[in-house]
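Fold and contact review
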Amino acid sequence: GFLWWKTWRPKSFPPGPLAFPLVGNLLQMDFSGPLQGMKKLSEVYGPVYSMYLGSQPTVIVRGFKALKEILVVKGTEFADRPQNRLTRTVSHLKGLVVAPYGKTWKEHRRFTLSTLRNFGLGRKSMEEKIAEESAYLIQDFKKNKDTLFDPHCVINNAVSNIICSIVFGRRYDYDDSTFQDILHLVNENMKMTMGIWGQLYNAFGFIHYLPLPHQKILKNIDTVYGFLQRIVEEHKKTRTPGEPRDYIDCYLEELDKSALQGEEDNNNKKTFDNQNLSTCVADLFIAGTETTSATMEWSLLYMMAFPEVQEKCRKEIDKIRGDRTRLDYEDRVSMPYTQAVLQEVLRMASIVPLGIPHTNLKEEQLNGYTIPKGTVIITDLSSLNYDETYWKYPHEFNPENFLTEDGELRKVEPFLPFSAGPRVCLGENLARMETFLFFTGLLTHFEFHWPDPASPPDLTPVYALSQTPKHFKMRLVPRINDK
Ligand code: HEM
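Read on for a plain summary of the structure. These numbers come from a predicted model, not from an experiment. (Residues numbered from 1 in each chain as written. Predicted model: local features only at pLDDT ≥ 70, side-chain atom pairs only at ≥ 80, totals over all residues. Heavy atoms only, no water.)

**Section: the overall build of the chain**
For the chain, the count of helices and strands is 15 helices and 8 strands. Out of the 483 residues belonging to the chain, those deemed buried represent 54%. For the chain, the accessible area works out to roughly 22400 Å², and carbon and sulfur atoms hold 57% of it. (Helix = DSSP H or I, 4+ residues; strand = E, 2+ residues; numbered from the N terminus. Buried < 20%, exposed > 50% of the residue type's maximum accessible area, 1.4 Å probe, protein only. Areas by Shrake-Rupley, 256 points an atom, 1.4 Å probe, with all protein chains shown as cover.)

**Brief notes about the side chain of E316**
Among the structural elements, E316 can be located in helix α13 (residues 307–321). K319 is the oppositely charged side chain nearest to the buried, salt-bridge-free E316, at an N-O distance of 6.4 Å. In contact with E316, other than residues within four places in its own chain, are S334, M335, P336, Y337 and T338. (Lys, Arg positive; Asp, Glu negative; His and termini not counted. Salt bridge = Lys/Arg side-chain N within 4 Å of Asp/Glu carboxyl O. Contact = heavy atoms within 4.5 Å.)

**Looking at helix α3 (residues 64–73)**
Residues that lie three or four places apart on an α-helix share one face, since the helix turns once every 3.6 residues. Those residues of α3 that fall on the buried side of the exposure criterion are F64, A66, L67, I70 and L71. The buried residues of α3 all sit within an arc of 170° when viewed along its axis, so they share a single face. Away from the buried face of α3 by more than 90 degrees, exposed residues K65 and V73 are located. Packed against the buried residues of α3 are β1 (48–53), β2 (56–61), β3 (358–359), β4 (364–366) and β6 (376–379). (Arc of directions from axis to C-beta.)

**Topic: the site of the ligand**
Of all residues adjacent to the ligand, which total 25 residues, the nearest are R81, R109, H358, S419 and C425. Interatomic distance of 2.9 Å between a side-chain N/O atom of R423 and an oxygen atom of the ligand. Broken down by secondary-structure element, the contributors of at least two residues to the shell around the ligand are α5 (103–118) and α12 (274–305). The element best represented in the shell around the ligand is α12, accounting for 6 residues. Of the residues assigned to the shell around the ligand, the class counts are 15 nonpolar, 7 polar and 3 charged. (Near = heavy atom within 4 Å. Polar contact = N/O pair within 3.5 Å; in protein donor to acceptor, adjacent residues only side chain to side chain. Nonpolar A, V, L, I, M, F, W, Y, C, P; charged D, E, K, R; others polar.)

**What to know about the packing of α13 against helix α15 (residues 428–445)**
Each packed pair of helices is defined by two parameters, the angle between the axes and the distance between the axes. Where α13 meets α15, the closest approach of the two axes is 10 Å, and the angle between their N-to-C directions is 95°. If you check the angle between α13 and α15, you find them roughly perpendicular. Note on element contacts: α15 touches α13 through F439, T440, L443 and T444, opposite Q310, C313, R314, I317 and R321. Of the residues contributing to the contact of α13 with α15, the split by class is 4 nonpolar, 3 polar and 2 charged. (Axes fitted to C-alpha atoms, helices over the stretch in contact; angles between N-to-C directions. Parallel < 35°, antiparallel > 145°, perpendicular 65-115°, else oblique.)

**Looking at the nonpolar core**
In terms of nonpolar packing, the biggest core is built from 97 residues, with F141, F168, F285, L442, F448 and M474 touching the most fellow members. No other element matches the 15 residues that α12 contributes to this core. With residues near it in sequence (within four places) discarded, F285 still touches S160, I163, C164, F168, F179, I182, L183, V186 and L228. Of all hydrophobic cores here, the second largest spans 19 residues; its members include V59, F64, A66 and L384. (Core = buried A, V, L, I, M, F, W, Y, C linked by side-chain atoms within 4.5 Å.)

**Brief notes about the coordination of the iron atom of the ligand**
The protein gives the iron atom of the ligand a lone donor atom, C425 (SG), placed 2.3 Å from the metal. Relative to the helices and strands, C425 is located in the loop between β6 and α15. (Donors = N, O, S within 2.8 Å, 3.2 Å for Na, K, Ca; no water.)

**Notes on the side chain of N161**
As for its position among the elements, N161 is in helix α7 (residues 152–167). Discounting chain neighbours no more than four positions away, the residues touching N161 are E133, R170, R171, Y172, Y174 and F179.

Structure representation (structure tokens):
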């Protein structure tokens, strides 16, 4: 009786498919690609419907009206994060990505945004760092000019180096196998935590001790966090107070300040501590690597699938660059076509298709339904991307989706690849700067060709928290004018 009750929808809760006791709708879900199934359910139950992940009531929100309500209009009310075994194991209720809404998250978000913004001052600017890394990437690509090669590892490494240089003040060579191993584990975990074993682990604590695949997730977490923790410890030994080299040093300065403040001033006490430092470092490292490197891989794959778009992009790049060696980020304002292409890649690939789950701090109304406190809210950002009402070419890759009749960049309001509201992606500007500079750098130096005319690129994403393309090999041709 009790178990049935737990999966029985309360009155005025959003409707949804019948859930089984204990497992809820878990076994009805296709974890290799749930997006299609979620779309079908919304055709039956509407833009706001519910499912049970185990006994956890979960509301799926689709379409611009309902998403805007959750993310912006009632942004603060829905700005909390649901917690489960995995989030608690990984983040201890701290850091940025899954931290509960409240003082700790606010202070860390503010500190991180201002540190990212200010970090260029007096030192090498963010843009110069990206340009420097872009030069390494181009050099490495050139080595592969006579072979078919899979760019995944180098791109992943190059993108990660940007966040590494901001957070730990260093980059890793592309042949550093220890670092490659770490990147591989992060990659693997992004896929596994969203899969059936991650979900079962969250739903049923007792499997913790069983020798099942979720153990691999936990072991990977240990390895990656161990690697990051050693970097933090190293910083504590080598820093000079007052002369921060990077994000970690800036954080250690804050810890010094809190220590000076002492015990007496408890009300104004800041929330900075060692655990928060570790979680922030891991959050930035993981969020800053996977998503942006997937975007870069998608952009090359789409350029090979649509060579005429690639050529048009390159013409614009060449025209604006003139005889300079590279473009500046500022140049983007006169490059609507290239910007439209990068937007179109974000749309078609739905990089973070379901955003990151939100939850509400107290009971709320949504679309005429009552949402009890602590309901898991899944924001289906991908639902906006192929909606026939918003796009001229909803189902095909076509940069015209982001251009006006006169070829100007068009702002499309119902397009939220970075989400919106208080929890909007903290790295949006960085991600846009990185993709613009890497992408235009690569197109300046190479033509990209799909090697096998008989079977065109497979553009079906591998579903995960961030969607990547399937592994692919490509052929590149250095451009004639390239010395
Ligand atoms: C959160 C997308 C790159 C750091 C998010 C969210 C999305 C997203 C959809 C969830 C927002 C929500 O909960 O409503 C993307 C995409 C990227 C990207 C598509 C690349 C193309 C980055 C980068 C960083 C970053 C480079 C590193 C600085 C974060 C953080 C959060 C977040 C820290 C959590 C924010 C919070 O909970 O307050 N991102 N992101 N992201 N992203 Fe990104």
